[in-house]
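In case you want the letters, here they are:
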Amino acid sequence: MKATRVIIAAGATALVAATGALSTTLVQQRRMKGMEALAQKLPVHSKWWRERAKQEGELLYVALGDSAAQGIGASKPHRGYVGDIMRELADVTGRSIRVVNLSISGARLREALELQLPALRKLGEPDFVTVGIGANDIGTYDRERFEREIEELYSALPPHTIVGDIPSFYVGAAEKRVREANAILHETARRHGLIVAPVHAETRRAGVLRYALNQVAADFFHPNDRGYRVWARAFLPLVREAAHGLEGSKR
């Protein structure tokens, strides 16, 4: 009888292990399919923003950043946080908004410096600027390089720019690097008089379980529509305050 119980226990353990392995495989397969689906959206979102930039507006809003600024993971490009900011500016100021989204999916600080910053300079003096970049630097994080590149970027931004800090990675070594990078980001922004939107605090407050269950896109990485509303909560109070100063102004 004892031997039978041992055999049953061993069989149950093997079944649990097999079930766990199968679940992991299914999750990985779903994530890969999600990544493929979102990769197909990259040119769609990029084209949408290029077309949007052609529309005239009384005020010019320029966004710099990475795939989050492109709205990757959202059901539509304008349902990312940049779209929320665009609508907030129009509502508060009562003015039409031209949006030039210079963000690039996958961009790191170096791409912002090499590609986006020169494009920003060509636009003259925008009425409103947001920057959300740095998350893609975490995987190969180097403190000295991060300090150097964020200093170069922030020193070249208009003084009214709102910069988002890096979202929470929730656990592990990546989150530790995010916290160190954000400390550098906040100090650099303070020295240059830039306002920081607390994206890390808002995403951290949402929690990893809630994020995993209903705020993440099909690739299990980018936010979905609900996730981007969390990002928007970090930006919109600051956007609203700045927008009141633009009421009645025209380009």
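Rules used throughout
- Throughout this document, residue positions are counted from 1 along each chain, in the order its sequence is written.
- For this predicted model, a pLDDT threshold of at least 70 governs which residues receive local features, and a threshold of 80 or more governs which side-chain atom pairs are given and counted, while totals over whole chains, interfaces and linings are taken from all residues.
- Side-chain figures throughout are based on the complete set of non-hydrogen atoms in the structure, without hydrogens or water.
- To define a nonpolar core, start from buried Ala, Val, Leu, Ile, Met, Phe, Trp, Tyr and Cys residues and group those joined through side-chain atoms within 4.5 Å.
- Categorising residues by exposure relies on relative accessible area from a 1.4 Å probe, with only protein chains included: less than 20% of the type maximum marks a residue as buried, more than 50% marks it as exposed, and the intermediate range marks it as partly exposed.
- Counting from the N terminus, the helices are the DSSP runs of H or I reaching at least four residues and the strands are the DSSP runs of E reaching at least two.
- What makes two residues a contact is simply this: any of their non-hydrogen atoms within 4.5 Å.
- Aromatic rings from Phe, Tyr and Trp, with only the six-membered ring used for Trp, were paired whenever their centres fell within 6.5 Å, and each pair was classed as stacked if the ring planes differed by under 30 degrees, edge-to-face if by over 60, and tilted otherwise.
- Strand pairing requires that DSSP identify at least two bridges connecting the strands.
- Every angle, taken between N-to-C directions, lies between 0 and 180 degrees, and every axis is a line fitted to C-alpha atoms, over only the stretch in contact when it is a helix.
- When a carboxyl oxygen of Asp or Glu lies within 4 Å of a side-chain nitrogen of Lys or Arg, that pair is called a salt bridge.
- Confidence scores per residue from the predictor, reported as pLDDT, run from 0 to 100.
- Two joining distances apply to patches: 9 Å for like charges and 5 Å for nonpolar side chains (Val, Leu, Ile, Met, Phe, Trp, Tyr), and every residue must have over 30% relative accessible area and no salt bridge.
- Note on areas: Shrake-Rupley with a 1.4 Å probe; residue coverage comes only from the protein chains shown.
- Whether a crossover is right-handed comes down to one check: with the strands pointing away from the viewer, does the path from the first strand over the helix to the second run clockwise; if it does, it is right-handed.

Turning our eyes to something else, we now look at the nonpolar core. Core analysis: the biggest nonpolar cluster contains 33 residues, and L153, Y154 and L157 have the highest contact counts within it. Breaking this core down by element, the ones donating at least two residues are β1 (59-65), α4 (109-122), β3 (128-132), α5 (143-155) and α6 (172-191). If you tally residues by element for this core, the top one is α6, at 6 residues. Apart from residues lying up to four places away in sequence, L157 is in contact with L64, L117, L120, V131, V163 and L194. In terms of nonpolar packing, the next biggest core, distinct from the first, is built from 28 residues, A63, Y81, V99 and L246 among them.

Before going further, it helps to examine the packing of aromatic side chains. Within the structure shown, the criterion is met by 7 aromatic pairs. Aromatic side chains W48 and W49 sit 4.7 Å apart centroid to centroid with 85° between the ring planes, which places their arrangement in the edge-to-face category. Residue class for W48 comes out partly exposed when judged on its relative accessible area of 30%. Between Y61 and F128 the ring centres are 5.5 Å apart and the planes differ by 70°, which places this aromatic pair in the edge-to-face class. In this pair, Y61 is assigned in strand β1 and F128 in strand β3, connecting sequence segments 67 residues apart.

So, on to unusual backbone geometry. Not every positive phi belongs to a glycine, and Y170 is a case in point at roughly 75°. Here Y170 is to be found in the loop between β4 (162-164) and α6.

Another point: the sheet that holds β4. Strand order in this open sheet of 5 strands is β2-β1-β3-β4-β5, and the pairing throughout is parallel. Two strands bound the open sheet, and with one partner strand each, they are β2 (97-101) and β5 (195-197). Direction aside, the axes of adjacent strands within the sheet are offset by 20° on average. Examined bridge by bridge, β1 and β3 share 5 bridges and lie parallel to one another. The partner of L64 across the bridge, within β3, is V131. Strands β1 and β3 of the sheet are contacted by α4, whose axis makes an angle of about 170° with β1.

With that out of the way, let us pick up the pattern of salt bridges. Applying the stated criterion to the full structure yields 14 salt bridges. Here E58 makes a salt bridge to R95, at a shortest N to O gap of 3.0 Å. Of this pair, E58 sits in the loop between α1 (2-53) and β1 while R95 sits in the loop between α3 (81-93) and β2; the two residues are 37 residues apart in sequence, bridging distant segments of the chain. Ionic pairing is found between E147 and R143, a salt bridge with its closest N-O pair at 3.5 Å. Within this pair, E147 and its partner R143 are both found in helix α5, separated by 4 residues, close to a single helical turn. Given the relative accessible area of 32%, E147 is considered partly exposed. Taking the relative accessible area as the measure of exposure, R143 reaches 40% and is therefore partly exposed. Taken together, the shared-partner salt bridges connect E151, E187, R190 and R191 into one network.

Per-residue confidence for the protein gives a mean pLDDT of 87; residues scoring 70 or more make up 84%. Predicted confidence for residues 1-23 stays below pLDDT 50, and this span has 0 contacts to residues more than four positions away or in other chains.

So, about the pairing of β1. Of all 7 residues that make up β1, 7 are buried, and the element is covered over most of its length. In β1, alternate side chains face the same way, and those of L59, Y61, A63 and G65 on one face and L60, V62 and L64 on the other are all buried. Relative to β2, β1 is paired through 5 bridges, and the arrangement is parallel. Looking at the pairing, L60 lines up with R98 of β2.

On the surface, a nonpolar cluster with roughly 330 Å² of combined accessible area is contributed by V208, L209 and L213. Mapped onto the elements, L213 comes out in helix α8 (residues 208-215).

To continue, consider the pairing of β3. Summarising burial for β3: 5 of the 5 residues are buried, a large majority. Bridge count for β3 against β4 is 3 bridges, and the pairing is parallel. When the bridges of β4 are listed, V131 appears paired with V163. In this fold, β3 hands off to α5, which returns the chain to β4; that crossover is right-handed.

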